[in-house]
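Close look at the chain arrangement
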Amino acid sequence: MLLAIVAMGASAQILRVDELEKYAKEKYGEKWVDAATNLSSQLTLDKNNAITYVMVIPADSKTKEQLYVLLNYWFAATFNDANSVIKLNDKDCGTIIAQGYVAGIAKHTGGSNTYNVSIRPVIKCDIKDGKVRVTYTVPFYDVERLIGKGWMGGTRPRRSDENWTLDSCFPFAKKDSHKKTSCKALVMAHAYSNVVMDKIEECVKNGLSGNEGEDW
């Protein structure tokens with residue numbers, strides 16, 4: 001039983017950053033600027049200048065309560081540390097909202113600065129009988145900037161924690177002083193959305209472990 005629980009927990013984990021980068025390169029290519037430029041034709045910012053993806057997953061044979069139990073289990077197993085947390089869990093409304101965290105999706109060292117980009121996507125599930133609507137949003141890039149730690153060296157580095165809004169980053173803004181970093185961040189954030197959506201769809205259709213049926 002213990003081994004089964006460990007296996008279920010491991011299966012619910014979302015990709016590590018190195019695995020995510022490998023997936024992104026296989027799907028979109030290894031040239032981040034070209035990949036981001038190609039994606040720009042498919043993406044638009046919402047009214048809050050965030051990237052938002054919406055997918056409705058059909059589950060005709062499952063009730064709202066059954067779907068809630070499955071998804072609550074998945075979210076609890078996946079968003080269970082200080083950085084990735086469940087923000088709202090309302091069974092009556094059929095809504096679960098969590099904030100994820102993926103550290104170091106893009107890193108770059110320039111002349112004067114070093115950048116380390118992370119994302120905190122918000123994943124929301126609205127649940128009804130026979131279907132689930134998943135909304136995945138990236139509101140901004142969470143950036144740790146080390147001023148004075150570029151390849152030119154210089155003074156003692158000073159840390160600046162910044163939020164880069166997506167409308168100020170390439171490809172949504174044509175003039176971007178950290179274009180290469182923004183491009184990789186966009187491609188990685190987009191790839192992560194695919195992985196999250198796929199894992200939630202798998203949970204909805206086949207359960208977290210595949211043996212959650214009523215025959216027990």
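Residues numbered from 1 in each chain as written. Predicted model: local features only at pLDDT ≥ 70, side-chain atom pairs only at ≥ 80, totals over all residues. Heavy atoms only, no water.

**So, the pattern of salt bridges**
Counted under the stated rule, the structure contains 12 salt bridges. A salt bridge links R16 to D18, with the nearest nitrogen and oxygen atoms 3.1 Å apart. A salt bridge links E65 to K91; the shortest N-O distance between them is 3.9 Å. Remark: K91 occurs in the loop between β2 (85-90) and β3 (95-99) and E65 occurs in helix α4 (residues 64-78); sequence separation between them is 26 residues. Residue classification places K91 among the partly exposed residues on the basis of a relative accessible area of 43%. (Salt bridge = Lys/Arg side-chain N within 4 Å of Asp/Glu carboxyl O. Helix = DSSP H or I, 4+ residues; strand = E, 2+ residues; numbered from the N terminus. Buried < 20%, exposed > 50% of the residue type's maximum accessible area, 1.4 Å probe, protein only.)

**Some words on the pairing of strand β8 (residues 140-147)**
Sheet topology note: the strand β5 (residues 113-119)/β8 ladder contains seven bridges and is antiparallel. What sits directly across from I119, in β8, is Y141. Both β8 and strand β9 (residues 158-165) contribute to a ladder of eight bridges, which runs antiparallel. Across the sheet, residue F140 finds its bridge partner in β9, namely T165. (Pairing = 2+ DSSP bridges.)

**Focus: the environment of N49**
Summarising the element assignment, N49 is placed in the loop between α3 (32-40) and β1 (51-58). In this structure, N49 is in contact with P139, L166 and D167, ignoring residues within four places of it in sequence. Polar contacts involving the side chain of N49 include one to the side chain of D167, which spans 3.4 Å. (Contact = heavy atoms within 4.5 Å. Polar contact = N/O pair within 3.5 Å; in protein donor to acceptor, adjacent residues only side chain to side chain.)

None of this, on its own, says anything about what the molecule does.
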